[in-house]
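# Commentary on secondary and tertiary structure
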Amino acid sequence: MSAYPKSPLMGQMMEKPMLISSIIEHADRYFGTSEIVSRRVEGDIHRYNYRQCHQRSKQLANALTQLGVKLGDRVATIAWNGYRHLEAYYAVSGSGAVLHTINPRLHPEQIVYMINHAEDQYLFFDISFLPIVEGIAAHCPGVKGFVMMCGRSHMPAESKLSNLLCYEELLAAQSSDYDWPLFDENSASSLCYTSGTTGHPKGALYSHRSTVLHSYASALPDGLNVSARDTVLPVVPMFHVNAWGLPYSAPLTGGKLVFPGPFLDGKSLYELFEQERVTFSAGVPTVWLGLLNHVSQHGLRFSSFKRTVIGGSACPPAMMHTLRHSYGVEVVHAWGMTEMSPLGTSCTLLAKHMELPETEKEAVLTKQGHVLYGVEMKIVDDAGKELAWDGKTYGNLLVRGPWIISAYYKGEGGDVLHNGWFATGDVATIDADGFMQITDRSKDVIKSGGEWIGSIDLENVAMGHPAVMQAACIGVFHPKWDERPLLLVVKKQGAEVTKEELLQFFEGKVAKWWIPDDIAFIDALPLGATGKILKNKLREQFKEHQLPTV
Ligand code: ADP
């Protein structure tokens, strides 16, 4: 596999493959009584521990063997964050098959495409997704069986699915005697498709080695900083880039895990945070909006919540400020993508930042941060020339490292590497300390008179206004400048602000020529399957928008 030369003197260390099964074995042996708590789709709370999770994962591995699932076969899941999904994570990958997690929020046609493209043999799904599965089954002839993740009493009396199996019955028929097989650590372990806002989704095929390395790196103190003393609640779904690796890094370190199931509204999350004394969480900004609205409306406080990772799209500085100052929750801004397993950078302070005044600290923390050891990055211009790390010059962000794809699954999209680097599609600056800041996705950059305007900066300013709940900035046609910024704003409930007041709010906060030409107030922003604002939809919706002529 390796393209690199061998030294005449090779090291003499044991060759033990880095396999995902070793994580759950470790958790069982050393953190066996550490809890896993799940709010189930059935509505109740389920509790057990890493030891029991390991036992049941081995039962499921036996069941998979009996179903004929072999090394390298793909097994899909359409499921929320919960203990059965975690068992599938370990049983499928641990037995040598490949776990293909599917985002249920995608269009059914895309789901069908992915199942057929991946050639999934079995599909495991939560009760709530029965209608989706019944709707797509006829279009997925390669799937041998559909496993509903529940007990017999929750199985439907009748179903359109002829080959419907019951998860708990499958497990009950198996012993927990199972030796995790050893195989090459470069074997495929799991498969995630990008959301594919344009064209078909493309698959990122992770390996055992890349997953274990990513788990080590992400658990580091200046990464996600997960430890045996944490109670970890991943809000980020297990169908979205493996919940940013938390289903691996929490058992690896021994942290208690709390799964919210489908209940991601502010009230349900808050209750779970408090009941289970959650210390650490992770999710996209839109989720924290809901939680923060709930706690502020009801005058609530967090009694155990200390730290959260926010990523997936830019964390608005105003949200970070509220979490830090009003609720005492430390925010780690992180950046990555499906193609990067996903973590690339996290933003934590250096020793020299510790004495800075609060506003300057927050200015650093707003950035997407420094790489985790293992990832390398650089910014280049359109000709591929490397650009300066001065915190001002922006360019296309390239990355490389052992948990970044070298190609898409089945070679879709052709050669994706440029001299060994992967082009992220993001535009960023990097400062002298190596702190990276995303200014935009290259396809969202607003091109005004040959210059670029970063939409994220404008959105961050708007979100700093007390009446603004959400903001998105897009480029719309301008006869003289090609494109000019149009700001779309969702106001907070009951709050008022006029277009003129909001435009004035930008004065002195960004360069004058960056200030949006116009603002439109709308009821809601269109969100994609991973909770991100769909700017392509907005561009389509506002393509005829007439900017004021002054
Ligand atoms: P998709 O590409 O299908 O939307 P990903 O979750 O892989 O799904 O998205 C990765 C992209 O999300 C990145 O390339 C970047 O544009 C954006 N992103 C992720 N984290 C951040 C962040 N902290 N700040 C700004 N953008 C982010």
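Residues numbered from 1 in each chain as written. Predicted model: local features only at pLDDT ≥ 70, side-chain atom pairs only at ≥ 80, totals over all residues. Heavy atoms only, no water.

This part is about the overall build of the chain. Within the chain one finds 16 helices and 26 strands. For 550 residues, the compact-globule estimate of 2.2 N^0.38 gives 24 Å, and the C-alpha radius of gyration of the chain, at 24 Å, lies within 12% of that figure. Summarising its shape, the C-alpha atoms of the chain cover approximately 75 × 65 × 50 Å along the three principal directions. Burial status across the chain gives 58% buried among its 550 residues. In the chain, of all internal contacts separated by at least 6 residues, the share reaching a separation of at least 24 is 66%. Computed over 49 positive and 58 negative side-chain charges, the separation of the two mean positions in the chain equals 2 Å. (Helix = DSSP H or I, 4+ residues; strand = E, 2+ residues; numbered from the N terminus. Rg over C-alpha atoms; globule rule 2.2 N^0.38 Å. Buried < 20%, exposed > 50% of the residue type's maximum accessible area, 1.4 Å probe, protein only. Contact = heavy atoms within 4.5 Å. Lys, Arg positive; Asp, Glu negative; His and termini not counted. Charge placed at Lys NZ, Arg CZ, Asp CG, Glu CD.)

The complete set of buried residues in helix 10 (residues 266–275) reads Gly-266, Ser-268, Leu-269, Tyr-270, Leu-272 and Phe-273. Contacts from the buried residues of helix 10 go to strand 1 (35–39), strand 2 (45–49), strand 10 (231–234), strand 11 (256–259), strand 12 (280–283) and helix 11 (285–297). A positive phi of about 55° marks Arg-277, the residue just after helix 10.

Before going further, it helps to examine the sheet that holds strand 8 (residues 188–193). If you trace the 7 strands from one edge of the open sheet to the other, you get 7-6-5-3-4-8-9, paired in mixed fashion. The open sheet terminates on both sides in strands that have one partner only, identified here as strand 7 (164–166) and strand 9 (203–207). Adjacent strand axes in the sheet meet at a mean angle of 25° when their direction is disregarded. As paired elements, strand 5 (residues 120–125) and strand 6 (residues 145–148) share 4 bridges and run parallel to each other. By the bridge assignment for strand 6, Tyr-122 is matched with Gly-145. (Pairing = 2+ DSSP bridges. Axes fitted to C-alpha atoms, helices over the stretch in contact; angles between N-to-C directions.)

What follows deals with the site of the ligand. Around the ligand, the surrounding shell holds 17 residues, and the nearest of these are Ser-195, Ala-334, Thr-338, Asp-426 and Lys-532. With respect to the ligand, the backbone of Ala-334 contributes an N or O atom lying 2.7 Å from a nitrogen atom. Bound to the protein, the ligand loses 92% of the 570 Å² it would expose on its own. Counting residues per element, the shell around the ligand draws most heavily on strand 14 (residues 330–336), which supplies 4 residues. Taken together, the residues of the shell around the ligand sort by class into 4 nonpolar, 10 polar and 3 charged. (Near = heavy atom within 4 Å. Polar contact = N/O pair within 3.5 Å; in protein donor to acceptor, adjacent residues only side chain to side chain. Areas by Shrake-Rupley, 256 points an atom, 1.4 Å probe, with all protein chains shown as cover. Nonpolar A, V, L, I, M, F, W, Y, C, P; charged D, E, K, R; others polar.)

Let us now look at the domain arrangement of the chain. Per the domain assignment, the segments of the chain are domain 1 (16–216) and domain 2 (444–541). Between domain 1 and domain 2, the C-alpha centre-to-centre distance is 40 Å. Tallying the contact residues gives 5 residues for domain 1 and 4 residues for domain 2. Counting each side, the surface lost to burial between domain 1 and domain 2 is near 360 Å², with a carbon and sulfur contribution of 53%. When its residues are assigned to classes, the side of domain 1 that touches domain 2 shows 1 nonpolar, 3 polar and 1 charged. (Domains from an automatic or database assignment. Buried area = accessible area lost by both parts, 1.4 Å probe.)

Turning our eyes to something else, we now look at the packing of aromatic side chains. Applying the stated criterion to the full structure yields 16 aromatic pairs. Relative to Trp-288, the ring of Phe-273 lies with its centre 6.4 Å away and its plane at 85°, an arrangement referred to as edge-to-face. Taken together, the positions of Phe-273 in helix 10 and Trp-288 in helix 11 put the pair 15 residues apart, joining distant regions of the chain. Of the two residues examined, Phe-273 and Trp-288, each falls in the buried class. Residue placement shows Lys-491 over the ring face of Phe-521; its charged tip is 4.4 Å from the ring centre. (Phe/Tyr/Trp six-rings, centres within 6.5 Å; stacked < 30°, edge-to-face > 60°. Lys NZ or Arg CZ within 6 Å of the ring centre and 35° of its normal.)

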